[in-house]
Structure formats: C-alpha cells, structure tokens
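Remarks on the overall topology
Chain by chain, the residues:
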Protein chains: 2
Amino acid sequence: MTRPAMTLSEIARIAGVSKMTVSNVINGKKGVAEETRQRIMEVIQETGYIANRSARNLASGRTRTIGLVVPKLNSNYTLYIGEILRGAGDAADQHHWDLLVCTTSDDEEREFRRIQSLASGLADGILVLLPRAEQSYLSLLQETHIPVITLDHGLIETPLPSIDVDNHTGGRLATQHLLDLGHRRIAFIGGTYSRAHLERLDGYQEVLKENGIPVDSELIVQGDYSQPSGFKAAEHLFNLHDPPTAIFALSDAMAFGVMESAGRRGLRIPDDLSVVGFDDIPMAGWVHPQLTTIRQPLYQLGETAINLIIAMTDGDVLPGQRMLLPVELVVRGSTTKAR
Amino acid sequence: MTRPAMTLSEIARIAGVSKMTVSNVINGKKGVAEETRQRIMEVIQETGYIANRSARNLASGRTRTIGLVVPKLNSNYTLYIGEILRGAGDAADQHHWDLLVCTTSDDEEREFRRIQSLASGLADGILVLLPRAEQSYLSLLQETHIPVITLDHGLIETPLPSIDVDNHTGGRLATQHLLDLGHRRIAFIGGTYSRAHLERLDGYQEVLKENGIPVDSELIVQGDYSQPSGFKAAEHLFNLHDPPTAIFALSDAMAFGVMESAGRRGLRIPDDLSVVGFDDIPMAGWVHPQLTTIRQPLYQLGETAINLIIAMTDGDVLPGQRMLLPVELVVRGSTTKAR
DNA sequence: CTGAAAGCGCTAACAT
DNA sequence: ATGTTAGCGCTTTCAG
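Residues numbered from 1 in each chain as written. Chains lettered and ligands numbered in written order. Predicted model: local features only at pLDDT ≥ 70, side-chain atom pairs only at ≥ 80, totals over all residues. Heavy atoms only, no water.

Going by an unreviewed UniProt entry, chain A carries the name LacI family transcriptional regulator and comes from Deinococcus roseus.

Okay, here's the thing in structure tokens:
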C-alpha cells in the first residue's frame, strides 16, 4: 500500500542474476536452468513482484489487449450487450489476452476519445459495438494502424470489417411463424432507426408480400427497444379500429411491454394475442407465458469477434469484409393459432 | 491500418522544434508561444498523431486510470452493477480519468489475475465490486502499493477501505413498512450468503422482535437474487400451511419471480399479497403493479467510489475505513393493507 | 519560451 | 545457460 513497486532490476540483483534471466523466467521462456528458475521464482514470490505493464508494452510493442467500445452497460436496450461481453471475455481469456471495455454513454465526444485512447497503444485491436455511427470516430477507425471490427453495427455501410447478425432472416422467421399460425393482422414494433431495424422490417414486409398480405402501415409502430416503448406501442395498436391479433416486437424488452399492456386490458396471451420478441435474453424464459422470440447468437458474436481480431493482430489473413451470424426462431408459449 | 504510428520525435522533426515543446503542447502546459503551438497542432492534426499511452505512463509513473473489478455484467443477479458503473463512468469522465472494467466470471483465478493486472501499472487505483471474498486476492490487495476500495463487499471484514450500502436499515425499512400495513405473516427471501444478506436479515428480525412478533423460520427462504430463485421461493411459501400475506425479497428480480408465481395461482397483488423488493432497478417501475422496493443509491455508490479513490491517488487524506450510503423505501403499488 | 540529457522498466537481438 | 547493449516513446529535470 505504501512502499514502491519492485522492478526487474531489483529482482535480478536480489537473485544475483541479470535482468534478462528474470525476464525469461517471467515469460516462461525456456533455456533457463531449473535451479536458477527456482531461485528467481522464490524471490518473486517473497517480494510480491509484478512486472510493469507499461514498460512491457512499450518494449515489446504489443499489449495483448483487445478494446471493446460499447454505449452503456445498464440501460435496458443494451441488456443484450452483457451476453456479447461474456462471449468476448471467455474467448479473450482462452487466448490469455485482456479485454478492455469502454463505455461512451452514446456521447459523440466520448466515442471519439475512447477509440483514440485504445488506438494510442492501449490495445492491439478494437471491437466497436455502437448503435450510432458518427463520422468523427469512423474516420478515426479507418486511419488507425491497428485492426478494427464493427459488431452488429448501426447505420452506415463502412469499409471496416464487420460481424453482424442475420437480421433479415430474423424478420422473416418471426413473420412466417405468425403467418403459419393463421394470423393476418400482424403488427411490427420497430426499434430506433438502424440497419438492424431496417433489415428486420424488410424481412417482415417481404414475407407478408410473398403471402399476398398487404403491408398495413398502421400496424408498423416505432419503439426504442425499451420495455416502456413496447408498452406504449401496444397501447396504440390496441386502440386501432382493427387491432392486430399478433405482434412482432424487435426486442424482448418491448415484447414484455406488450404483454404488460395486454395484461392490463384483460387480453390473454397467447389466446387473444400472439407475441414474438427478438434477442432471447434470459428473462424471455422467466415470464409467463414464456416468450416466443428470435434468438441472436450473442455469446457467439462476442466469441467470434475476439478470435477473429486476435487472428488479425497476428497478421493472419483478414477474412471477408462482412460476416453474418445465423438467428433462430425459438417457439415458446406466447404464440398460438389465430382464432 | 497499416503504416506505423507517429511518434513525438517525428512530430517534433516535422514541426522543426524539440520533443519537449511538442510534449508541452500536447499536455496543455503554458509557456509555449501561440505561434509555435499553432504550428505543432497543425502537424498533429495532419498526421493523426496520438501519444503512446504506455510510454507516457511509464515516463510519468501515472496512468490516470481506475480499475474496476466486477464478476459479470450480464447475469440477472448483477444487473444492478450497470448502474454503479454508470455513476463511476460519469465521475471518472469528469475528472478526465479512464475507467477500466474487468470481469471475473466469479472465478477465483481470474479475480486474482485481473487484480494483479491492474496493480501492475495498468491503473492508479482499484475498485473491487465482488460478491466473493477469496483470501487469494484479498492478500494481494493488501500488499499492493496503489489505493484500493471495496464496494458493497460480500463476506469478510477486511482492513481495506470500503463503501457499503446501509443494508441493515434497508431490512428494517421494508419490514416496518409491511408491519405498518398490518401484516403479521411476513416472509423473507434471502440472497446468497453474504454480509448484505446477513445485515438485511438482521434488520428484518430486529423489527419483528421490536413489535413482539416471533420470527418464524419457516418464513425465511434462501434465494440467489435471480428471478427464478424468487419464483421457486414463492412457490414454497404459498404451499405452507399458514402462508404469508406479505413477502420481502432481497432483490427486485426475486420480487418479480414472486409476482410471477402469485399471478399463476390467481393471487392478486397487492390485494392478496404484498411484495417488497430491494434495489429499485428501472424495471421496478415498469411492471404492473409497480414494485414497492428499497432503493439502493447505486449511481451514487459508483460516483462516490471514483471521487474517493482519485483523491486517494492524489495522496489526499484517506477517509474513514468504512463509508455507509443511505437506502430509501420507495412505496409503489405492490403493497397494501393486510385484510 | 525552448532544448538537451537522462531515465521510466522492460524486451529484442545479439554476444559470451 | 546467462549477460550485454540498445532502445521502445515519452516525461522530468535542468540549462540555456
């Protein structure tokens, strides 16, 4: 708590060897006599020595750290980020790399600063998981000399490598499922304007058209992925002259809002109303009835991203510009045949 | 993406000045001619130069970074961490410090490694927010030469400075509230064994005794802060010969589980059953009826912790060993008079 | 106001 | 198997 940290030189001096030998022991290099190794290890143990990271990074030119930039970690609409982080964290751990998580609070200046920080030698690669695509940080990313991958990225088509979820198929699967159950008035509660939103909407409309059902713009409502916005959207839909018999919400949280609204009006789910969500967060299995939803491979997204970017830092071949991860329809109790 | 990063020397060479002048400009030191400053800034802009963090940290001996160690960011029982993080992040930003968040997955080895990492010059101070108190990392924390604060810490009384929430009062407030409403059969759904759990339980029992109500161990059930565990605990309680008319759950998530279980049995809340949670996560205001709960000052906890530890790194006076933050009873719709 | 020298703690590349 | 030499890119200290 008070005394200054030990250094390599001191350890070397105490153990009566050169700095290099200590360095080799620390880094598990072979070519050190077992006896010497033992002695050095003892000194390290006793003194509680830990190698200084800055010095090590500076000298080696590598940090073995991946930076991950996210908007927030608490708000409802970013709940799914936790799962991505878990996948990324586990993967990083397996490689014995560190993961450095930075939050931006959806603030343009912070987005820029965080990325700049990471690019200034704090990390060997950057993973960007932001719903906003500001020109400021995008150009920074393109200029930086370390690998970058954007994850599930919002608005703009960038020349940066990206890993995305197959949102279009997600939109199709949900809609087709409801159609198969005989529903014809299927409402769509969208998220904030983003590529994910557009692609899912496109899938929804495509399936309707394929089945000869006109797209009714009255049934397409805007939300923001949060529970309250799903509630509000549902209230609006229920007040329509010809209300929907099924609702497809672009997040599980919004689907919960729909269920809440339905419950307050005495509508039973799934008998009076079928509901499909998106994400498959753990809570989807906890509510009653359990939520039918589109599962995003979030853990896998994090995992894949780490594996890929570490490969990139090793100078391995950079894979195709855009990678698409599959989604899956999970049928539970919140959907049933239309009456 | 490919060309190597710029260095201070190159900027200095291009601008035709010495390294020191560039350094002074970057760090906003005064005593640089405006003209020179302009010229250097231009070069920096054009080249996209960013100062290398490792070099800077190494030379200055400071990182202006606080490390925060948490178990996970996604699991239900750690949902409240997001709010702490928000407070910490905002406070760090105001000081222009960085926040480095590390997750451990409740894994002893990772706890140790993460803390060791941070103590190895990655951070100037460490905030520990772990529900587990393993001797391995505790002794490491006590040996380290940088300031450490434990937050809302679990099991063991350590000699480390700590910031905690007033759990005891929380337990009292919830119980007293239900008592005031006329309830006599008040169940308690606990969390995993920890100081927080014990203190809240103590408050609960204390108030009961003060009011001459015998503590019925049948009404004290163990949970793990998750929604499903609350559900299970409620199922158990409802099957008792003499079931409770009110339930106090040690997390909002468990309270949701209780509400779910009650709903499936046709018990109306609050008429047939009063429910009090703990935390006051945003979702507490979204469910129907809204949840009466004990609000923890989570944002403030994060904020306070950062302010304190930055002060400590500046060598400022170390405040009392243990700081207690107040809790608050938030009365909403899930509690009412006993019939 | 600006610059030169020294060194932060470590590793890479070469000796021995 | 171990030691020596040279820096990594920056800041600190002290001179001009």
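Alright, that's what it looks like, and here's the rest.
**Focus: the relation of the copies chain B and chain A**
When chain B is fitted onto chain A, the two copies agree to an RMSD of 0.0 Å after a turn of 180 degrees and an axial shift of 0.0 Å. Here the copies are linked by what is in effect a two-fold axis. Considering only C-alpha atoms, the part of chain B nearest the rotation axis is Ser54 of chain B, at 2.2 Å. A share of 100% of the interface residues of chain B reappears at the interface of chain A, consistent with the copies meeting face to face through the same patch. (Least-squares fit on C-alpha atoms with pLDDT ≥ 70 in both. Contact = heavy atoms within 4.5 Å.)

**Comments concerning the domain arrangement of chain A**
In terms of domain boundaries, chain A breaks down into domain 1 (8-51), domain 2 (65-165 + 298-325) and domain 3 (167-296). Centre-to-centre, using C-alpha coordinates, domain 2 of chain A lies 29 Å away from domain 3 of chain A. (Domains from an automatic or database assignment.)

**Some thoughts on the packing of helix α2 (residues 19-26) of chain B against helix α3 (residues 34-47) of chain B**
Each pair of packed helices can be summarised by the angle the axes make with each other and by the distance between the axes. All names here are of chain B. In contact at an axis separation of 10 Å, α2 and α3 are set at 85 degrees when each is read in the N-to-C sense. The orientation of α2 with respect to α3, classified from their angle, is roughly perpendicular. Here Thr21, Val22, Val25 and Ile26 of α2 lie close against α3, whose contacting residues are Thr36, Arg37, Ile40, Met41 and Ile44. Grouping the constituent residues of the contact of α2 with α3 by class yields 6 nonpolar, 2 polar and 1 charged. (Axes fitted to C-alpha atoms, helices over the stretch in contact; angles between N-to-C directions. Helix = DSSP H or I, 4+ residues; strand = E, 2+ residues; numbered from the N terminus. Parallel < 35°, antiparallel > 145°, perpendicular 65-115°, else oblique. Nonpolar A, V, L, I, M, F, W, Y, C, P; charged D, E, K, R; others polar.)

**Remarks on the interface of chain B and chain A**
Interfaces are often sized by the amount of accessible area the parts lose when they come together. Counting from both sides, the interface comprises 51 residues of chain B and, opposite them, 51 residues of chain A. Carbon and sulfur atoms make up 55% of the surface buried where chain B meets chain A, a total of about 4,500 Å² over both sides. Put simply, chain B and chain A have 8 salt bridges between them. Between Asp93 of chain A and Arg110 of chain B there is a salt bridge, with the nearest N and O atoms lying 3.0 Å from each other. Counting across the interface, chain B meets chain A through 16 residue pairs in polar contact (both at pLDDT 80 or more). Top element by residues in the side of chain B that touches chain A is helix α6 (residues 108-122) of chain B. It accounts for 9 residues. (Buried area = accessible area lost by both parts, 1.4 Å probe. Salt bridge = Lys/Arg side-chain N within 4 Å of Asp/Glu carboxyl O. Polar contact = N/O pair within 3.5 Å; in protein donor to acceptor, adjacent residues only side chain to side chain.)

**Considering the UniProt feature "domain: HTH cro/C1-type" (unreviewed entry) in chain A**
The UniProt record annotates "domain: HTH cro/C1-type" (unreviewed entry) at residues 6-50 of chain A. The span residues 6-50 of chain A is 67% helix and 0% strand, and its two end C-alpha atoms sit 7 Å from each other. (UniProt positions renumbered as here; feature names shortened; annotations may be inferred.)

**Remarks on the nonpolar core**
Within soluble globular proteins, side chains that are nonpolar generally end up buried alongside one another. Membership of the largest hydrophobic core comes to 92 residues, with the highest contact counts inside it found for Phe248 of chain A together with Phe248 of chain B. Once residues within four sequence positions are removed from consideration, Phe248 of chain B is found in contact with Gly170, Gly171, Ala174, Thr175, Leu178, Ala187, Phe188, Ile189, Tyr204, Val276, Gly277 and Phe278 of chain B. If you look at the next biggest cluster of nonpolar residues, it comprises 54 residues, including Leu325 of chain A together with Ile81, Leu85 and Leu129 of chain B. (Core = buried A, V, L, I, M, F, W, Y, C linked by side-chain atoms within 4.5 Å. Buried < 20%, exposed > 50% of the residue type's maximum accessible area, 1.4 Å probe, protein only.)

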